[in-house]
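# Chain and residue survey
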Amino acid sequence: MFTGIVTDIGTVEATEKQGDLHVRVSTAYEIAGIDLGASISCSGICLTVVDKGVGGGGVGEGGAGWVAFDVSGETISRTAPGMWASGRKLNLERALRLGDELGGHIVTGHVDGIGSVKSIEEVGGSHHVVIAAGPELAPYIAPKGSITIDGISLTVNSVHDTDAGVEFDVNIIPHTASVTTFGTLEAGQAVNLEIDVLARYLQRMESLRGKA
């Protein structure tokens, strides 16, 4: 379980096909405090640490440490194209612990769909970002509701249904841009989307209404 509050930007140092894709990610996290088997959100995907270490001459954001994950073909097929390529920046968040502040919203680390950045416009120092998504996500996205984009907890400003699905917009404040990969976000970029877990259950309840 996560909150969508990014605490480090990691970098994919290397990948190796070992049945699943073995991915090594550099990080500024204190490696000694990360257990094998621990969960870390990587741009919105909950992955299990299968190896860790220090050194290695990586290209990370200042940390000498690294963690490694095995990424299944199923996960690769459901996440943004190119996100496991060497050199790719990833938003990292360690799993929520009992007593931690819930600063964002409840995030499971399970991607529900892939969206595309339609436009980015600077407004008063922040960036107004419009995301397009498919019709399967449209029932779960609501104005002033929560959504996770590449592992980042954000509030939906407005929603517009389209022939192709749905478009919604969010604001990225300068702080968020500076501590996440959104500092280099571009129009046309694919992003991982996770809907609010409460919306998922409410939609399921609504679909069963009257069937009992």
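Details of the structure are given in the entry above.
Residues numbered from 1 in each chain as written. Predicted model: local features only at pLDDT ≥ 70, side-chain atom pairs only at ≥ 80, totals over all residues. Heavy atoms only, no water.

## Structural notes on the sheet that holds strand 6 (residues 89-94)
Strand order in the closed barrel made by the six strands is 1-2-5-4-3-6, with antiparallel pairing throughout. Sheet twist, expressed as the mean angle between neighbouring strand axes with direction ignored, is 45 degrees. Pairing of strand 1 (residues 8-18) with strand 2 (residues 20-27), which is carried by seven bridges, proceeds in the antiparallel orientation. Paired with V12 across the strands is V25, a residue of strand 2. (Pairing = 2+ DSSP bridges. Helix = DSSP H or I, 4+ residues; strand = E, 2+ residues; numbered from the N terminus. Axes fitted to C-alpha atoms, helices over the stretch in contact; angles between N-to-C directions.)

## Notes on the pairing of strand 3 (residues 39-42)
Within a regular beta strand, the side chains point alternately toward one face of the sheet and then the other, so they alternate between its two faces. Where strand 3 lies against strand 4 (residues 45-54), four bridges are found, and the strand directions are antiparallel. Within strand 4, the position partnered with S39 by the bridge is T48. The turn joining strand 3 and strand 4, which pair antiparallel and follow one another in sequence, is formed by two residues; a positive phi near 50 degrees is taken by S43. Pairing of strand 3 with strand 6, which is carried by three bridges, proceeds in the antiparallel orientation. Bridged to I40 within strand 6 is R94.

## As for the state of the cysteines
Inspection of the entire model under this criterion finds zero disulfides. Lacking any disulfide linkage, C46 is separated from the closest cysteine sulfur, that of C42, by 8.7 Å. On the basis of relative accessibility, which here comes to 27%, the residue C46 falls in the partly exposed class. (Disulfide = S-S within 2.5 Å. Buried < 20%, exposed > 50% of the residue type's maximum accessible area, 1.4 Å probe, protein only.)

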